[in-house]
Amino acid sequence: MCFLKIPSKASFFLCLFLVMSIAGLAQPDPYRMPHLVTGPWNFNAFAPANGNFNYIVTLSDGSEMNVKSKIHVDTSNKKQYLLLVDKKLPKSDSNRTRKIYCYETRSITREDKANDDEETIIAFATDSCWLFREERGFITLYAGLPKGDIVAFRLDNGPVEAFSRERLKEILKGDEKALKKLERGNHIGAVREYNSKQH
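Quick notes on the rules
Residues numbered from 1 in each chain as written. Predicted model: local features only at pLDDT ≥ 70, side-chain atom pairs only at ≥ 80, totals over all residues. Heavy atoms only, no water. pLDDT = per-residue confidence, 0-100. Helix = DSSP H or I, 4+ residues; strand = E, 2+ residues; numbered from the N terminus. Contact = heavy atoms within 4.5 Å. Salt bridge = Lys/Arg side-chain N within 4 Å of Asp/Glu carboxyl O. Buried < 20%, exposed > 50% of the residue type's maximum accessible area, 1.4 Å probe, protein only. Core = buried A, V, L, I, M, F, W, Y, C linked by side-chain atoms within 4.5 Å. Pairing = 2+ DSSP bridges.

Novice: Residues and numbers for the confidence of the model for the protein, please.
Specialist: Averaged over every residue, the pLDDT of the protein is 78; residues scoring 70 or more account for 72%. Taken element by element, the predicted model of the protein shows its lowest mean pLDDT in strand S1 (residues 37-38) (38) and its highest in strand S7 (residues 97-101) (96). The model gives residues 1-7 a pLDDT under 50, and that stretch makes eight contacts with residues more than four places away or in other chains. Within the model, the stretch residues 9-42 combines pLDDT values under 50 with 42 contacts to residues more than four positions away or in other chains.

Novice: Would you mind going over the pattern of salt bridges in detail, with residue names and values included?
Specialist: Counted under the stated rule, the structure contains eight salt bridges. Lys169 is paired through a salt bridge with Glu183; the nearest N and O atoms lie 3.6 Å apart. Taken as a pair, Lys169 in helix H2 (residues 165-171) and Glu183 in helix H3 (residues 176-183) lie far apart in primary sequence, 14 residues in all. Overall, the relative accessible area of 46% leaves Glu183 in the partly exposed class. In this structure, the salt-bridge partner of Glu193 is Lys197, at a minimum N-O distance of 3.0 Å. By relative accessible area, Glu193 is classed as buried at 16%. Salt bridges sharing common partners tie together Asp175, Lys181, Glu193 and Lys197.

Novice: Which residues make up the nonpolar core, and what values do they have?
Specialist: Ranked by internal contacts, the top residues of the largest apolar core, which has 16 residues, are Val57, Ile71, Leu82, Ile108 and Trp130. Where this core is concerned, the elements lending two or more residues are strand S3 (53-59), strand S4 (64-69), strand S9 (119-125) and strand S10 (130-135). With residues near it in sequence (within four places) discarded, Leu82 still touches Tyr55, Val57, Val67, Ser69, Lys70, Ile71, Arg98, Lys99, Ile100, Ile108 and Trp130. Ranked by size, the runner-up nonpolar core spans 13 residues in total, among them Phe153, Ile171, Leu172 and Tyr194.

Novice: So what about the pairing of S9? Which residues, and what values?
Specialist: Moving residue by residue along a regular strand, the side chains alternate between the two faces of the sheet. Two strands pair when backbone bridges link them, and S9 and S10 are joined in this way by three bridges, in the antiparallel orientation. Within the sheet, the bridge partner assigned to Ala125 lies in S10 and is Trp130. Taken together, S9 and the strand that follows it, S10, pair antiparallel across an intervening segment of four residues.

In structure tokens, the structure reads:
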């Protein structure tokens, strides 16, 4: 595999690195978490905004619980969950951790203390993920994480749809300022421009 004229020790470590790299690529799916998990929405599980936060979780029955967790994705069913850890129990206890899936909840809420003005961030639950509202109006935009990429939108009181640039372009048709912002990739700015003219 290695035919480069380099010292034998360096050659050995180079070969070892190449073998390990190839072996890693050959691992079956259960051992390799994809960078972008695709369900009804696209979600980047490794985004910087996806840290361990204290969430107030409103369950389907209306009860609430506090969970400190990042948002995880179950690769077997493509659904998001928070991981509740009961640190009072030993690590050997199978009841120490519990997955709180999005479909078991109504919403999750946390306080954003990154800025001087505290902001309450709320995400409502779908059957596969939580959606964070980024822009509200005639067109409402949703992200998979606070201040993250837009993954879904809703037109007026219609159903929530997966984000599509072409679909949004159809809706903005006739609004030249909004379309120009959309062409520049400023999705929120384009929708904000359009929403400002709706009554």
